[in-house]
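If you want the building blocks of each chain, they are given just below.
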Amino acid sequence: MRWTQTLIPTMKETPEGAEIPSHVLMLRAGLIHQVMAGAYTYLPLGRRALNKAEQIVREEMDRTGAVEILMSALTPISLWEQTGRVEAFGDVLIQFAVRRQNRKVQMALGPTHEEVVTDLVAKFISSYRQMPITLYQIQTKFRNEERPRFGVLRTSEFLMKDAYSFDVSVESLGKSYKKMYAAYCRIFARCGLKYLAVEAESGPIGGDASHEFMIVAENGEDSIIHCKDCGYAANLEKAEIGARSGSLSRGLPQEIEQVATPGATTIEQVSRFLKCKPEEMIKTLVYVADAGPIAVLVRGDHEANENKIRRAAKAQKLALADPATIQRVTGAPVGFAGPVGLREKIPVYADRDVEFMINAVTGANQADTHLKGVNPGRDFQIDCAADLRNARSGDPCPRCSSRVALRHAIEVGHVFKLGTKYSEALNARFLDAQEQLRPIIMGCYGIGVNRIIAGLIETSNDAQGIIWPVALAPYEVVVAPINVADAPSREAAERIYDALAAAGIDVLLDDRDVRAGVKFKDADLVGFPLRVVIGDRGLKQGQIEIKWRWEEKPQMIPLEGAVAAIADLIRQERASGARFAPQKKSV
Ligand code: ATP
Ligand code: MG
């Protein structure tokens, strides 16, 4: 391709509204154009990069034996009603009615395809002999995201690879899951991404049943906990915390004292008012679980973790109590709850760190009043002590004796053991070897293809622009004659360009009649892995210049044999990614 014959609208300025590097650079390098909030057109360079990511994903899916299909984005609403996901998705599900003759048809744009694929399998798979099978597609998904942002990282319309495995047993599902997990590792490694597979909240199958593939990035919307020493990694919802010790200074227990705290309802307000630190306070949260209200205690500087609370309370449903319930249970308005003297006898769940507290400050179950000198065991009983809070940097690792760190990350992929939720709802059953009818056991596996591109750019750039690995680059090589008005330079560039293209290299010829400085700036901004510069001075010595995007210095190579040498370099780099690899920031 020639620069003058394609569409590469590069920009000097940072576009308005773009906050993070990947968004800024995708706009500036002319990869994407915003159509409206959460929807983008992929311009030629963006489309090419996306194609490459898609192709890597496809090759690795095929390699596992998964079979590609293409399901419709338009889906009948009845499918979502059968699984209860109309409510579960709420406003995220894009649904509408269309008129057909004199009736109305209600439909939804698929945000994911468990329903559609399970319905398909219910029709065509009925025997254990037809399994295991994994079906996948690479297709546009629609989600009315509340806050589309960060360019293509979170959009209302995005390209997903979604795969679904169908097995006869939990053991067999385990094998299907492992294959997908391994394929994900290969995909992200081939894309040149530094990723972490983190444990995520599991569903009914339990155990080690869900992993998210994360790219560690400052601007990532997800929080993960990572131990550099043993490699333990989990998302914040799931991350466990190792054994706690009472690190706070342990003084002698004091008498309980009631203190007035007019209008101070939050941890910050009370800590300012009473001049105590949040870690000296007990936060008392009232939740409503299956069997009724429960009190949950966490240290004032800690965040409660609803998944952990749900598990400890063995509850299906869990929600913060409303103000009326809080008033009834504690006898006080919101903001003054505490474990001492609750009006109703409700179970008290405490996070492990609370057990170590001495002379804590907490609500007095009375308006505008707190208590000082509160001691667990002496002043109130804990019915259940468990890990109930979010992990944070510096917490003990749950797997080794080291300490974990909190990192921000972008979720690029997710693998999940589903179980029988969808096969039961949509009647996808099979006859086993004993002629027994049983629900098919499913797994689901998603990759955000757009996020591969944005995630790579987010973590691989410098002040000049994007730094692409060969695997994803829109073009592997840019050939830039310094001065197209100089006939020998122009002709040499054309020859090299033609020969590289003929050798199967993705090459772009920068045939624009602009200053060399402009060409170099744009080449760095777009981030082509290899830049080939042809100038009259070099040519006179039979030399041309090549430079890897991530290296400081260019090198001169003989014009004679240049094409074969360049093609070799690119082929080696395609196969190993080894020259790019050291550029990747370490996780
Ligand atoms: P998130 O938590 O970021 O909203 P999710 O967990 O809802 O994502 P999944 O249902 O697991 O997403 O979808 C599979 C993959 O699709 C995700 O791992 C992510 O890479 C991608 N993805 C999900 N939502 C979006 C979106 N709005 N824009 C772009 N990619 C997305
Ligand atoms: Mg997910």
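Scroll up to find the structure this text is about.
Predicted model, so just to flag it, every value in this text is computed and none were measured. (Residues numbered from 1 in each chain as written. Chains lettered and ligands numbered in written order. Predicted model: local features only at pLDDT ≥ 70, side-chain atom pairs only at ≥ 80, totals over all residues. Heavy atoms only, no water.)

J.: Please set out the packing of helix H2 (residues 44-64) against helix H6 (residues 170-190) residue by residue, giving values where relevant.
T.: Remark: H2 packs on H6, axes separated minimally by 9 Å, with the N-to-C direction vectors making an angle of 150 degrees. Between H2 and H6, the angle is such that the two are roughly antiparallel. When the axes of H2 and H6 are compared, the crossing they make is right-handed. Facing H2, whose interface residues are Ile56, Val57, Glu59, Glu60, Met61, Arg63 and Thr64, H6 presents Lys179, Met180, Ala183, Tyr184, Arg186, Ile187 and Arg190. The residue makeup of the contact of H2 with H6, split by class, is seven nonpolar, one polar and six charged. (Axes fitted to C-alpha atoms, helices over the stretch in contact; angles between N-to-C directions. Helix = DSSP H or I, 4+ residues; strand = E, 2+ residues; numbered from the N terminus. Parallel < 35°, antiparallel > 145°, perpendicular 65-115°, else oblique. Left-handed = near helix turned anticlockwise from the far one by under 90°. Contact = heavy atoms within 4.5 Å. Nonpolar A, V, L, I, M, F, W, Y, C, P; charged D, E, K, R; others polar.)

J.: Could you give me a rundown of the nonpolar core, with the residues and numbers involved?
T.: Counting residues in each nonpolar core, the largest one holds 91 residues, and the members touching the most others are Ile452, Trp468, Val477, Val479 and Ile566. It is H6 that contributes the most residues to this core, eight residues altogether. Contact partners of Val477, with chain neighbours within four places excluded, come to Leu500, Ile505, Asp506, Val507, Leu508, Leu530, Val532, Ile566 and Ile570. (Core = buried A, V, L, I, M, F, W, Y, C linked by side-chain atoms within 4.5 Å. Buried < 20%, exposed > 50% of the residue type's maximum accessible area, 1.4 Å probe, protein only.)

J.: Tell me about the packing of aromatic side chains, residues and numbers included.
T.: Pairs of aromatic rings are described using the distance from one ring centre to the other and the angle between the two planes. Overall, the coordinates contain 11 aromatic pairs when judged by the stated rule. Geometrically, the ring pair formed by Tyr184 and Phe213 is tilted, given 5.2 Å between the ring centres and 55 degrees between the ring planes. One end of the pair, Tyr184, is in helix H6; the other, Phe213, is in strand S10 (residues 210-216), and 29 residues separate them in sequence. Of the two residues examined, Tyr184 and Phe213, each falls in the buried class. With a centroid separation of 5.2 Å and an interplanar angle of 15 degrees, the aromatic rings of Trp548 and Trp550 are classed as stacked. This pair shows no difference in class: Trp548 is buried, exactly as Trp550 is. Three or more aromatic residues link up through ring pairs in this structure, and these residues are Tyr181, Tyr184, Phe188, Tyr195 and Phe213. (Phe/Tyr/Trp six-rings, centres within 6.5 Å; stacked < 30°, edge-to-face > 60°.)

J.: Help me get a handle on the site of ligand 1, residues and values and all.
T.: The local shell around ligand 1 holds 14 residues, among which Arg143, Glu145, Arg154, Thr155 and Glu411 are the closest. Residue Val412 places a main-chain N or O atom 3.1 Å away from an oxygen atom belonging to ligand 1. His414 places a side-chain nitrogen or oxygen 3.2 Å from an oxygen atom of ligand 1. Here the shell around ligand 1 gets four residues from one element, more than from any other, and that element is strand S21 (residues 405-419). Each residue belonging to the shell around ligand 1 can be placed in one class, and the counts come to five nonpolar, four polar and five charged. (Near = heavy atom within 4 Å. Polar contact = N/O pair within 3.5 Å; in protein donor to acceptor, adjacent residues only side chain to side chain.)

J.: Describe in detail the sheet that holds strand S6 (residues 103-109), supporting the description with residues and values.
T.: Either a parallel or an antiparallel arrangement is found when strands of a sheet pair, and the pairing is made through backbone hydrogen bonds. Strand order in the open sheet formed by three strands is S4-S6-S5, and the pairing between neighbours is antiparallel. Because the sheet does not close on itself, it has two edges, and the strands there are strand S4 (74-76) and strand S5 (94-100). Neighbour to neighbour, the strand axes of the sheet diverge by 45 degrees on average, direction disregarded. Judged from the seven bridges that link them, S5 and S6 form a sheet pairing that is antiparallel. Looking at S6, one finds that Ile94 is bridged to Leu109. (Pairing = 2+ DSSP bridges.)

J.: Account for the sheet that holds strand S19 (residues 369-374), with residues named and values stated.
T.: Ordered in space as S13-S19-S18, the three strands form an open sheet in which the pairing is antiparallel. One side of each edge strand has no neighbouring strand; the edge strands of this open sheet are strand S13 (257-260) and strand S18 (360-363). Adjacent strand axes in the sheet meet at a mean angle of 30 degrees, parallel and antiparallel pairs treated alike. The pairing of S18 with S19 spans three bridges and is classified as antiparallel. Following the sheet pairing, Ala360 is matched in S19 by Val374.

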